Amino acid sequence: MGRLRRLLSGRRPGLVSLRTTFAVSFAAVTAAVTVLVGILSYSAAARLVRVDQQTVFDEVVQDLRDEVRQNRMTPGDFSSAAPGHDLVRPARTDVQVLGPDGRVADPGSPGLPVTGADVRIAAASLSGRVVEHKDVDVGDDVYRVATVSLGGGRGAVQVAQEFSDVEDLLRALQQRTLVLMAAVVTGAGLFGWWLARRITRRLVVLTDAAEDVARTRRLGIQVPVAGHDEVGRLGRAFDRMLGRLAQSEEDQRRLVQDAGHELRTPLTSLRTNISLLRRIDELPPKTREELVADLGQEARELTDLVNELVDLAAGQSDTEPPRRVDVADLAEEVAGHARRRSGRRIVLRASGDTTTDGRPGMLTRALSNLVENAVKFDQGGTAPIELVVAGPARPGTIRVEVLDRGPGITDNDLARVFDRFYRAADARSLPGSGLGLSIVREVALAHGGAPFAFRRDGGGTVIGFTVGGGIAGDER
């Protein structure tokens, strides 16, 4: 029971619950996606900003080169005191003018450092020559500097773009991205926990029900699970499974009780006759013969009863694999066997498509019980016993009937003729256990059909069953 309880509950010491696993997995996947998207977004944004700033700076430098190449210009043309000839200065751009000797003629704001390369560019004879400096520290800021020669040794113009403020902007963007990612991951974890709790709530109900079954062995409990998703389907399947198990347990209990009741009568009679065997020498010869005949009859009835009980129990187990069978062929075999045993004329009439999915052994047993029942109750009859197998009104549905001209069945007995061990008052003197038609009912229900019985016009009885609607317990 302990092992069954662990298997049903799905919980083992040291293992994390499904709810926690689902929530952590949801948060982990969300975190991975968020981090990946955040990194890619930041990288793309930073690259676009840097490329944009570099493009603007390159355009300013190129415009300056074009201007000094096309015009003979001096440092004074770029002086801040001569705005009409001043260079167009975009935002965060600084301009500083160098004289022929490389000294600062018009300082920028802030002033830019001058290197030996800048001095050589100022003294260059060709106009438009450029030297660039990256990551130049000016005070607390970082600049990108380009020095363009005016030509003829007349000096140079330095153009600088502030770089540190862009990086500050990107760092702020990075921090905000990290904060947003953390918020998303936290929210995903909380949402995952809520979602896992909502999803697993019905699984917890199923687990509690399974544990209750394992603990109390009560199969008749109701599983309160709703919904149309996989969990709802699992709950309904589990509820149907418990219902079938409970019904099977009830059938077994009732079968044992009924069998015990029915076995007492032949066993009591056997014990009585066996006690008389001790005095067999004192009995007259005729009494001896009657005693031996009674013992043989009771032994046969007891054997038949045990065989039918075994057949009934085997039929409930559904161990025989279903396959495609022709009910008319099975009926022909049963009719032939009954003709040889009873000597009666048995007529088979088959019409339509009589093939269906079924268990041939169970169907043969049901057909045989119907024919034997008709032979038993129509002893001495001259009219043939009719066995009818009719094709389907819809695919897979077969109707089987056995018609006799016996004494018939009363209305009160028709309602109980398929009950286990039930025997009509006028049939109790005949051999039999009362299980034959009960087996027919079990076979019909197992094949998605139902038994039926009614009085025949002109005298006699019609007893049979239908087959169709699927095989109970067969998942296809």
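The name an unreviewed UniProt entry assigns to the protein is histidine kinase, from the organism Streptomyces djakartensis. Its UniProt record, at the heading Subcellular location (unreviewed entry), says of the protein: "Cell membrane".

A closer look at the nonpolar core
If you look at the biggest cluster of nonpolar residues, it comprises 36 residues, and the most contacted ones within it are Leu367, Leu370, Val371, Leu387, Val400 and Phe465. For this core, the element with the highest residue contribution is helix 8 (residues 360–377), accounting for eight residues. The residues touching phenylalanine 465, leaving out its near neighbours within four places in the chain, are Leu363, Ala366, Leu367, Leu370, Ile398, Arg399, Val400, Val440, Ala444, Ala450, Pro451 and Phe452. Of all hydrophobic cores here, the second largest spans 14 residues; its members include Val60, Met73, Ala146 and Val157.

A short note on the sheet that holds strand 12 (residues 461–467)
The five strands lie next to each other as 7-9-10-12-11, forming an open sheet whose pairing is mixed. Of all the strands in the sheet, the pair left with one neighbour each is strand 7 (346–351) and strand 11 (451–455). Going across the sheet, the axis of each strand differs from the next one's by a mean of 15°, ignoring polarity. Alignment of strand 7 against strand 9 (residues 385–390), held across six bridges, turns out to be parallel. Within strand 9, the residue paired with arginine 349 across the bridge is valine 388. Helix-sheet contacts for helix 7 (residues 327–342) involve strand 7, strand 9 and strand 10 (398–403), and the interaxial angle to strand 7 is about 175°. Set on the sheet, helix 10 (residues 436–446) makes contact with strand 11 and strand 12; between it and strand 12 the angle comes to about 30°.

So, how was this worked out
- Residues numbered from 1 in each chain as written.
- Predicted model: local features only at pLDDT ≥ 70, side-chain atom pairs only at ≥ 80, totals over all residues.
- Heavy atoms only, no water.
- UniProt positions renumbered as here; feature names shortened; annotations may be inferred.
- Core = buried A, V, L, I, M, F, W, Y, C linked by side-chain atoms within 4.5 Å.
- Buried < 20%, exposed > 50% of the residue type's maximum accessible area, 1.4 Å probe, protein only.
- Helix = DSSP H or I, 4+ residues; strand = E, 2+ residues; numbered from the N terminus.
- Contact = heavy atoms within 4.5 Å.
- Pairing = 2+ DSSP bridges.
- Axes fitted to C-alpha atoms, helices over the stretch in contact; angles between N-to-C directions.

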